[in-house]
Amino acid sequence: MSVATKATTTRRGSVSLRGLTKEYAGARAVDGIDVDIPAGEFFTLLGPSGCGKTTTLMMLAGFVQPSGGDVLIDGRDVANVPPTHRDIGMVFQNYALFPHLTVFQNLAFPLEMRRLRRPEIARRVSEALKLVRLEQWADSYPGQLSGGQQQRVAVARAVVFNPPVLLMDEPLGALDRKLRLQLQLQIRSLQRELGLTVVYVTHDQDEAMSMSDRVAIMRQGKIEQVGTPTELYETPVSVFVADFLGDNNTIPARIVDDRHVRVGDVVLSVPTHGLAEGTDGVVLVRPERIQISDRPATFSGVVHEAVYLGSTSQYEVDVPGAGRLRCSVSHSGSHTVWEPGRRVGVELPAGSVRVMPRSEKE
Ligand SMILES: Nc1ncnc2c1ncn2[C@@H]1O[C@H](COP(=O)(O)OP(=O)(O)OP(=O)(O)O)[C@@H](O)[C@H]1O
Ligand SMILES: [Mg+2]
C-alpha cells in the first residue's frame, strides 16, 4: 500500500534502458545498453562520432525500433507507445523550426496537436517564451532570428507541453563558442527550474563535464563507464575514458605486485587492481597532477619545452624510463619559468596515478 502511494507521488520522468540494442545489416550500432536515469537528472551521452549516441536517443524517443532490449519510462515499457504519446520533448542540432510559422505558432503547434484550448495555448506559449527570454519575438519568423535565438525557440517548443523528459542531440553544435557557453547555462538552469530529466548528447567533453549530473562515456555502441564528471575524471576505468576526458600522460610500466609498479628504475607504490605480476601496464597521470621543482625528487628530468600561458605554464619534460611527460604548472604568485635544458625534480603523487593494462590503449 505504502509503495503504491509513493509511486503516485514520485516525480515523473525516470528512464531505464535495459539491454538496448540496434543492429543495422548485422552491425551493432548500439550494443546492449543498461542504464537507470532517475527523474530530474541531467544525463549525458558522450563519445566519438559513430559510437551510437543518436541511435540510442532515437530509440528512447520511439523513432527507431530497437533490435533488442527495452525502454522504460517511469517503470513502464514503452515498446508499443508511439513517439507522440511518449511525452518526450526533443531538440536537435539544426533547430527544425517551421520556417513559415511565427515563433508563437511554432510553439503553439505541439499544443494544438494535443488539442488544448486557445487561451491555454496562449498562456503556455508566453510562459515558455519567458523561460528562454524571447517574449518580444513571438510574432517574428525563425529566419529573422539569430542561430542562438532559434535554438532557444527550439528549446521552448520542446518544453511547452510540459514533458517530464527532454532529449537533446548536440543542440549547441552549430553555434559559436561564446553562445554555446551562454546557452549551456540557460539550458541547465531551465532543467533545474522545471525539474526535467534531460538526456543530452554531445561529443564535446567540456560541455558534458560542465552541464551534467552524470555522464556515460560511449564507445562502439557500448557504455564504457557511467559516473559523475568528477568520478570519470578522477577514476577512469580505461585509457579510453581517461583520454576522452582531458589531457593525460600514458607512461609504460611493469607490474611488480598488487601494490607496486616499476617505471624505469623507480618503483612506485600504487594499487595495481589485480593485474598480473610481471606484465606490462601503463601509468596514467594528468599533466596538472605532476609536480616539478628545483629540488631532487623521485624522478629526475630535463625540460624539453616550456610555454608560459599567464595563469599556467606548460612543460614537456624528458624523464628517463618514463618518456616525455606533459606537465601543467598553475601560478598563484610569481613563477620563474624553467627554460629548456634545465634539470628538474619530477614527482608523480601516488593519489594521482592510475595503473591499467597496456593493451587497453588499442
Ligand atoms: N539508418 C541507419 N542505417 C544504417 N546504419 C546506421 C543508421 N543510423 C546509424 N547507423 C550507424 O550506426 C552507428 C551509430 O550511429 P549514430 O548516428 O548513433 O552515432 P553518433 O554517436 O550519434 O555519431 P555522431 O557523433 O557522428 O552524431 C554508425 O556506425 C552509423 O553509421
Ligand atoms: Mg549523432
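Residues numbered from 1 in each chain as written. Chains lettered and ligands numbered in written order. Predicted model: local features only at pLDDT ≥ 70, side-chain atom pairs only at ≥ 80, totals over all residues. Heavy atoms only, no water.

- Within an unreviewed UniProt entry, the label attached to the protein chain reads Spermidine/putrescine import ATP-binding protein PotA, and the organism entered is Saccharopolyspora spinosa.
- The record held by UniProt for the protein chain lists under Catalytic activity (unreviewed entry) the comment "ATP + H2O + polyamine-[polyamine-binding protein]Side 1 = ADP + phosphate + polyamineSide 2 + [polyamine-binding protein]Side 1." (UniProt positions renumbered as here; feature names shortened; annotations may be inferred.)

### A short note on helix α2 (residues 53-61)
Now for step 1: The element α2 is largely enclosed, with a buried count of eight among its nine residues.
Now for step 2: Of the positions making up α2, those classed as buried are Lys53, Thr55, Thr56, Leu57, Met58, Met59, Leu60 and Ala61.
Now for step 3: Looking one or two places after α2, you find Gly62, whose phi comes out positive at around 95 degrees. (Buried < 20%, exposed > 50% of the residue type's maximum accessible area, 1.4 Å probe, protein only. Helix = DSSP H or I, 4+ residues; strand = E, 2+ residues; numbered from the N terminus.)

### So, the layout of surface pockets
Now for step 1: By volume, the largest pocket is sized at about 510 Å³.
Now for step 2: Forming the boundary of the largest pocket are 22 residues, of which Phe63, Ile88, Met90, Pro110 and Phe161 lie nearest the centre.
Now for step 3: Split into classes, the residues belonging to the lining of the largest pocket amount to 16 nonpolar, two polar and four charged. (1 Å grid on protein atoms, 1.4 Å probe; cavity = no way out; pocket = protein on both sides within 12 Å on 5 of 7 lines; lining within 4 Å. Points joined across faces, edges and corners; volume = space filled by probe spheres on them. Nonpolar A, V, L, I, M, F, W, Y, C, P; charged D, E, K, R; others polar.)

### Quick look at the site of ligand 1
Now for step 1: Taken together, the residues surrounding ligand 1 are Tyr24, Ala29, Pro48, Ser49, Gly50, Cys51, Gly52, Lys53, Thr54, Thr55, Glu170 and His203.
Now for step 2: Taking Ser49, its side chain carries an N or O atom lying 2.5 Å from an oxygen atom of ligand 1.
Now for step 3: Backbone polar atom of Cys51 to an oxygen atom of ligand 1: 3.3 Å apart, as the coordinates give it.
Now for step 4: Top contributing element to the shell around ligand 1 by residue count: α2, with three residues.
Now for step 5: Of the residues in the shell around ligand 1, the class split is four nonpolar, six polar and two charged. (Near = heavy atom within 4 Å. Polar contact = N/O pair within 3.5 Å; in protein donor to acceptor, adjacent residues only side chain to side chain.)

### Side note on the packing of helix α3 (residues 103-113) against helix α5 (residues 147-159)
Now for step 1: One can describe the packing of α3 onto α5 by two numbers: an axis separation of 8 Å at closest approach and a directional angle of 30 degrees. The orientation of α3 with respect to α5, classified from their angle, is roughly parallel. You can see that α3 and α5 cross each other, and the crossing is right-handed. Where α3 approaches α5, its residues Val103, Asn106, Leu107 and Pro110 are matched on the opposing element by Val153, Ala156 and Arg157. (Axes fitted to C-alpha atoms, helices over the stretch in contact; angles between N-to-C directions. Parallel < 35°, antiparallel > 145°, perpendicular 65-115°, else oblique. Left-handed = near helix turned anticlockwise from the far one by under 90°. Contact = heavy atoms within 4.5 Å.)

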